[in-house]
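Here are the chains, one letter per residue:
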Amino acid sequence: MAKRILSADSALMPGAQAALSTSVRTEHRGELMKVLEERWKHNLSGQVGSPLFDWEDQREMREEIEFVNRAQTTLDEAAVKLAPSLLRIVLTVKAHLPTPREQRTFLGEHLRLDFRRVSELCIVADSFGLLDAEYRKKGEREIEKYGWSNALKLAPVRDPYERRDIWERACNGKANASYREVLEEIRRFRERKLIAPLIGREDLEARLGAARRLFSQFNGAAAELSSRDGLRSALEGLEELQKELAQLKRAMKERYETVEIEELAASA
């Protein structure tokens, strides 16, 4: 967890926290739920003819796409606003239950979210400093600048200056960036910084297994170095092994940096 995060004791009684400014007004969210209910009833009413939209006249389909995008933005806003509460819960549980198994058991029994979602939202609250009086306002401004959906994707990048750089690259001179443009810049950032996407314990073990298999193959090839073909085979095996070890190193570094939260996301 980032060093700046409050202690578990402090997290129990944080200072007054101003609500995040909303990008979608409350009455609009209410209207969205009303429309969602109407769409739900319409789709189940049997009045829908073909399940496919008209491809030649895409107006109706594009309206539906716009509706889905608006609904997803509202869901992402709700997720971001849940993040501080989830982090307080997790810090409190960790302060009072000594082992990861006990912590996971408690959270699994009481939260209606899977551990990976809990982890993701805790990272959001931590990265944007939403429980830290010193960083909270800055984090709120960042979230407002990027938008709810983009903020969720940018949260695993812990440095706010690096997040800003990703955002500016994605904007490419424009006032805002699309969700896809942000995702693409995050991918490029990881390639530049050798930071792998967040992975679970099973993914890490699979990568370790792949490295062991490649090492075993290389070890066999290295026993035949008396010929040109043998040397070529050993060099090719070494290059492949080095690539796999580099990927394993990136994955282990990312796991190490987030292990205090990620241990709650691992399967019991």
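Residues numbered from 1 in each chain as written. Predicted model: local features only at pLDDT ≥ 70, side-chain atom pairs only at ≥ 80, totals over all residues. Heavy atoms only, no water.

Chemist: How should I be thinking about the overall build of the chain in this particular structure?
Modeler: Counting its regular elements, the chain contains 11 helices and zero strands. If you list the helices and strands of the chain from N to C, you get α-α-α-α-α-α-α-α-α-α-α. The proportion of buried residues among the 268 residues of the chain is 34%. Looking at the chain alone, contacts between residues at least 24 apart form 70% of all its contacts between residues at least 6 apart. Surface exposure of the chain reaches about 17,300 Å², of which carbon and sulfur atoms provide 53%. (Helix = DSSP H or I, 4+ residues; strand = E, 2+ residues; numbered from the N terminus. Buried < 20%, exposed > 50% of the residue type's maximum accessible area, 1.4 Å probe, protein only. Contact = heavy atoms within 4.5 Å. Areas by Shrake-Rupley, 256 points an atom, 1.4 Å probe, with all protein chains shown as cover.)

Chemist: Whenever I open this one, helix α3 (residues 59-96) confuses me. Can you help?
Modeler: Residue pairs three or four apart in sequence face the same way in an α-helix, which turns once every 3.6 residues. Compared with the 56 Å implied by 1.5 Å per residue over 38 residues, the 56 Å span of α3 between its first and last C-alpha is a close match. Of all the bends in α3, the largest measures some 35 degrees and sits at A83, one to four residues before the proline P84. (Expected span 1.5 Å × (residues − 1). Bend = angle between axes of the 7 residues up to and from the residue.)

Chemist: Whenever I open this one, the packing of α3 against helix α4 (residues 100-110) confuses me. Can you help?
Modeler: When two helices pack together, you describe them by how their axes are tilted relative to each other and by the distance separating the axes. Running from N to C, α3 and α4 point in directions that differ by 140 degrees, and their axes come no closer than 9 Å. Here α3 lies oblique to α4, going by the angle between them. As α3 runs across α4, the sense of the crossing is right-handed. Where α3 abuts α4, its residues I89, V90, V93 and K94 lie against Q103, F106 and L107. Taken together, the residues of the contact of α3 with α4 break down into five nonpolar, one polar and one charged. (Axes fitted to C-alpha atoms, helices over the stretch in contact; angles between N-to-C directions. Parallel < 35°, antiparallel > 145°, perpendicular 65-115°, else oblique. Left-handed = near helix turned anticlockwise from the far one by under 90°. Nonpolar A, V, L, I, M, F, W, Y, C, P; charged D, E, K, R; others polar.)

Chemist: I'm lost on the nonpolar core in this one. Help?
Modeler: One recurring pattern in soluble globular proteins: nonpolar side chains tend to sit buried together. In terms of nonpolar packing, the biggest core is built from 35 residues, with V124, F128, I143 and V182 touching the most fellow members. Every element with two or more residues in this core is listed here: α3, α5 (115-127), α6 (136-146), α7 (148-154), α8 (160-171) and α9 (179-193). (Core = buried A, V, L, I, M, F, W, Y, C linked by side-chain atoms within 4.5 Å.)

Chemist: Explain unusual backbone geometry here, please?
Modeler: Keep in mind that most residues, glycine aside, have a negative phi and that most peptide bonds are trans. In the Ramachandran plot, N172 falls in the positive-phi region, its phi being about 50 degrees despite a non-glycine side chain. Judged by its relative accessible area of 66%, N172 is exposed.

Chemist: What exactly am I supposed to notice about the confidence of the model for the chain here?
Modeler: Interpretation of the predicted coordinates at a detailed level should be avoided for regions scoring low in pLDDT. Taken over all residues, the pLDDT of the chain has a mean of 79, while the share at 70 or more is 79%. Within the model, the stretch residues 1-27 combines pLDDT values under 50 with 53 contacts to residues more than four positions away or in other chains. (pLDDT = per-residue confidence, 0-100.)

Chemist: Help me understand the packing of aromatic side chains in this model?
Modeler: Between two aromatic rings, the relevant description is the distance of the centres plus the angle of the planes. In the structure shown here, the tally under the stated rule is one aromatic pair. Judged by centre distance (5.1 Å) and plane angle (50 degrees), the rings of Y146 and W167 are tilted. With a gap of 21 residues between them, Y146 in helix α6 and W167 in helix α8 connect regions that are remote in the sequence. For Y146, a relative accessible area of 4% corresponds to the buried category. Across from the ring centre of F67, 4.2 Å away, lies the NZ or CZ of R39, which sits over that ring. In this arrangement the basic side chain of R163 is found over the ring face of F128, its NZ or CZ atom lying 4.5 Å from the centre. (Phe/Tyr/Trp six-rings, centres within 6.5 Å; stacked < 30°, edge-to-face > 60°. Lys NZ or Arg CZ within 6 Å of the ring centre and 35° of its normal.)

Chemist: Help me out: how do you make sense of α4 in this one?
Modeler: All of the buried residues in α4 are Q103, R104 and L107. Buried residues in α4, looked at end-on, bunch into an arc of 95 degrees, giving them a common side. Facing away from the buried surface of α4 by more than 90 degrees, the exposed residues are R101, E109 and H110. (Arc of directions from axis to C-beta.)

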